[in-house]
Structures are given as structure tokens and as C-alpha cells.
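Next come the chains, spelled out residue by residue.
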Amino acid sequence: MNREEKKRILPRHIAIIMDGNGRWAKKRSLPRTAGHIAGAKTFKTIARYCNKIGLEYLTVYAFSTENWKRPKEEVEGIMDLLRDYLKDAENFKDENIRVRFIGDRTPLAEDIKALMVKNEEGSENATGLNLNIAINYGGRDEITHAVKKIINSGISAEDITEQTISDNLYTAGCPDPDFIIRPSGEYRLSNYLIWQSAYSEYWFSDILWPDFKPKHLEKAIEDYNQRNRRFGGI
Ligand code: IPE
Ligand code: IPE
Ligand code: MG
């Protein structure tokens, strides 16, 4: 190996906006739900791959606070897929992946909420990848929720720091994402991790999420290694 050749550095925390399922299905003249089914498969492959390469944190956007605007059948299809995923207790059981859900669970079906708790508790001692799945997640909703929690805690205004806010988000205790990946050709955050992404690096691609493969993730990480993060310094 060339002495100049450096080993790639893995970001500590990667966040992915799993977008493009609908367009993937449309291209194949399939119902949108077929795209979500394919997207769910990609999610499992990518989460397993991240665990295998030793990533510490992966946060995926699965359903936003705005996604309720979609036709009832599509929302129900996504909720059914989520239910199937959660019931599949074998999912990540032997893989040492710790699962957590971020977002407002209040409007979710009772059985889904119970399954979420079961998945979190069942994996809480895992020491591999920390996998955060964002369901009914919105960054503005998260900040609003944090403000309410902070006020209710009775803390005085002078004592509130940036850390106080971070500690009251759904992602409390989790480092900010170093790297945010959005496939599907859109160049926006769509209300994802808006507080946490202040100094994240971004990677966009036209690939539709169901077509996203570990090789694309590797390419993204390779590009990440070329970035020069300064955090306002020099
Ligand atoms: C992402 O794929 C999945 C969710 C938002 C639930 P989309 O369903 O947004 O796919 P496009 O953007 O319509 O292709
Ligand atoms: C973002 O994708 C949400 C998820 C991937 C879960 P959307 O498809 O909802 O985003 P917009 O509407 O194109 O911004
Ligand atoms: Mg979309």
C-alpha cells in the first residue's frame, strides 16, 4: 500500500432520507405500495450493511409528520408495512442492532406503539449499530415538543443552553449526524433533523431508494472522506 494512502474514515452517524419509492413503482407501472415494499427491503439491506462495516449510528426517515397528507390507502399501506416489519421479531435479533424510534407516537395505532416498545426493549442491550427509525417525525414538531418539555420542567430561561435543547429532542443522547444522504434527486431536507443537521455534510443522488445498494453507500462514504469540515474554524 502506498504510504500516502489513507484508510477511509467512517462518519460516526449517517442519516438517510429514504425517498423515491413512489417514482420507482411508477416507472414499473406498479402501485405506489409496491415501491414502499421494495424500499423496506432496501432499508433492511442497508441497515445490515451499516452494522457490518461498524457504523455507530444510522437514522432513517421512514414517515414524516407531513406524510399523513397522502391518500388514505397509501398511508394505510405504509402502516401495514411498518406493522409487518415490527412483528418480524427476527429482524435484527441476532445482529446486535439496537433499535429506537424517533417522532411523535401519539397518533399511531395502539398495536404499532406496543410493537415499537417491544422492539426497543428487545434490542436495548445490543452493542452494534444504533438504528434510529423516524416515524411520524418532523423537525419542527420535534423542536416544538422540546420547548414544551423544557417549559414544563420549570427551568429558568437564563439556564437554557443549546445543550438543553439537544437533550430534549427525540434524538437526545445521540451525536448529531455527520452525513446526510438523500437519494431520489430532491435537494431538500423535508423537515428532517433540522436542529441536528447544522453542520452535517450532504450527499445527493438521482438513485431511487429501492435501487440504493451498499455500493452507493460506499461511494457516498468515499466522497465524505474528501470533505473538509471546519465547523466555522479555519
Ligand atoms: C419515500 O418515498 C417514502 C415515504 C415518504 C413514506 P416516496 O413515497 O416519497 O416516493 P416518491 O418521492 O413519491 O417517489
Ligand atoms: C421525505 O420524503 C420523508 C421520507 C422519506 C419519509 P417526502 O417524499 O415526503 O418529501 P417531499 O414531500 O418530497 O419533500
Ligand atoms: Mg418522496
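Description of the structure in this document. A quick note: this is a predicted structure, and the numbers were derived from the prediction, not measured. (Residues numbered from 1 in each chain as written. Chains lettered and ligands numbered in written order. Predicted model: local features only at pLDDT ≥ 70, side-chain atom pairs only at ≥ 80, totals over all residues. Heavy atoms only, no water.)

### Some remarks on the layout of surface pockets
Alright, step 1. What the largest pocket holds in volume is close to 740 Å³.
Alright, step 2. Contributing to the lining of the largest pocket are 32 residues, with Met18, Asn21, Tyr61, Ala62 and Phe63 lying nearest its centre.
Alright, step 3. Listing elements by their share of the lining of the largest pocket, those giving two or more residues are helix 1 (21-27), helix 2 (32-53), strand 2 (57-64), helix 3 (72-87) and strand 4 (130-137).
Alright, step 4. Partitioning the lining of the largest pocket into residue classes produces 16 nonpolar, 8 polar and 8 charged.
Alright, step 5. In this structure, the second largest pocket occupies an estimated 350 Å³ of space.
Alright, step 6. Surrounding the second largest pocket, 19 residues form its lining, Ser166, Cys174, Asp176, Trp195 and Gln196 being those nearest its centre.
Alright, step 7. For the lining of the second largest pocket, the per-class residue count stands at 8 nonpolar, 6 polar and 5 charged. (1 Å grid on protein atoms, 1.4 Å probe; cavity = no way out; pocket = protein on both sides within 12 Å on 5 of 7 lines; lining within 4 Å. Points joined across faces, edges and corners; volume = space filled by probe spheres on them. Helix = DSSP H or I, 4+ residues; strand = E, 2+ residues; numbered from the N terminus. Nonpolar A, V, L, I, M, F, W, Y, C, P; charged D, E, K, R; others polar.)

### Observations regarding the site of ligand 1
Alright, step 1. Of all residues adjacent to ligand 1, which total 13 residues, the nearest are Asp19, Gly22, Arg23, Arg32 and Arg70.
Alright, step 2. Contacts to ligand 1 include Asn21, whose backbone N or O atom sits 3.1 Å from an oxygen atom.
Alright, step 3. Arg23 is positioned such that a nitrogen or oxygen atom in its side chain is 2.7 Å from an oxygen atom of ligand 1.
Alright, step 4. Contact with the protein chains removes 87% of the 380 Å² of surface that ligand 1 exposes when unbound.
Alright, step 5. More than half of the atoms of ligand 1 fall within 2 Å of the grid points belonging to the largest pocket.
Alright, step 6. Elements with a minimum of two residues in the shell around ligand 1: helix 1, helix 2 and helix 3.
Alright, step 7. Broken down by element, the shell around ligand 1 gets its largest block of residues, 3 residues, from helix 1.
Alright, step 8. Each residue belonging to the shell around ligand 1 can be placed in one class, and the counts come to 3 nonpolar, 5 polar and 5 charged. (Near = heavy atom within 4 Å. Polar contact = N/O pair within 3.5 Å; in protein donor to acceptor, adjacent residues only side chain to side chain. Areas by Shrake-Rupley, 256 points an atom, 1.4 Å probe, with all protein chains shown as cover. Sits in = over half its atoms within 2 Å of the grid points.)

### Overview of the sheet that holds strand 4
Alright, step 1. One open sheet holds the 6 strands; their spatial order is 3-4-2-1-5-6, and the pairing between them is parallel. The strands lining the two open edges of the sheet, one partner per strand, are strand 3 (98-102) and strand 6 (201-204). For this sheet the average axis-to-axis angle between neighbouring strands, irrespective of direction, equals 20°. (Pairing = 2+ DSSP bridges. Axes fitted to C-alpha atoms, helices over the stretch in contact; angles between N-to-C directions.)

### Thoughts on the side chain of Glu120
Alright, step 1. For Glu120, the position within the fold is in helix 4 (residues 110-122).
Alright, step 2. Excluding anything up to four places from it in sequence, Glu120 contacts Val99, Arg100, Phe101 and Arg105. (Contact = heavy atoms within 4.5 Å.)

### Here's the deal with the pairing of strand 1 (residues 13-17)
Alright, step 1. Burial analysis of strand 1 places 5 of its 5 residues in the buried class, the great majority of the element.
Alright, step 2. Where burial is concerned, the two faces of strand 1 agree: the one with His13, Ala15 and Ile17 and the one with Ile14 and Ile16 are both buried.
Alright, step 3. Where strand 1 lies against strand 2, 5 bridges are found, and the strand directions are parallel. Among the inter-strand pairings, Ile16 is bridged to a residue of strand 2, identified as Val60.
Alright, step 4. Of the strand pairs in this sheet, strand 1 and strand 5 (residues 179-182) are connected by 3 bridges, and their pairing is parallel. (Buried < 20%, exposed > 50% of the residue type's maximum accessible area, 1.4 Å probe, protein only.)

### Let's talk about the packing of aromatic side chains
Alright, step 1. As enumerated under the stated definition, the model contains 11 aromatic pairs in all.
Alright, step 2. When the ring of Tyr137 is compared with that of Tyr192, the centres are 6.0 Å apart and the planes differ by 90°; the resulting orientation is edge-to-face. Of the two residues, Tyr137 sits in strand 4 while Tyr192 sits in the loop between strand 5 and strand 6, which places them 55 residues apart along the sequence.
Alright, step 3. The class for Tyr137 is buried, based on a relative accessible area of 0%.
Alright, step 4. Judged by relative accessible area, Tyr192 falls into the buried class, the value being 0%. (Phe/Tyr/Trp six-rings, centres within 6.5 Å; stacked < 30°, edge-to-face > 60°.)

### Topic: helix 5 (residues 139-152)
One full turn of an α-helix is made of 3.6 residues, so residues set three or four places apart face in the same direction.
Alright, step 1. Taking 1.5 Å per residue as the helical rise, helix 5 with its 14 residues ought to reach 20 Å, and the 20 Å between its terminal C-alpha atoms agrees with that figure.
Alright, step 2. Those residues of helix 5 that sit buried are Gly139, Glu142, Ala146 and Ile150. The buried residues of helix 5 all sit within an arc of 70° when viewed along its axis, so they share a single face. Summarising the geometry of helix 5, the exposed residues directed more than 90 degrees from the buried face are Arg140, Lys148, Ile151 and Asn152.
Alright, step 3. Looking at the buried side of helix 5, the elements it contacts are strand 4 and helix 6 (162-167).
Alright, step 4. Where helix 5 terminates, the next one or two residues include Gly154, which has phi positive at roughly 85°. (Expected span 1.5 Å × (residues − 1). Arc of directions from axis to C-beta.)

As far as function goes, none of this settles anything; it's purely spatial.
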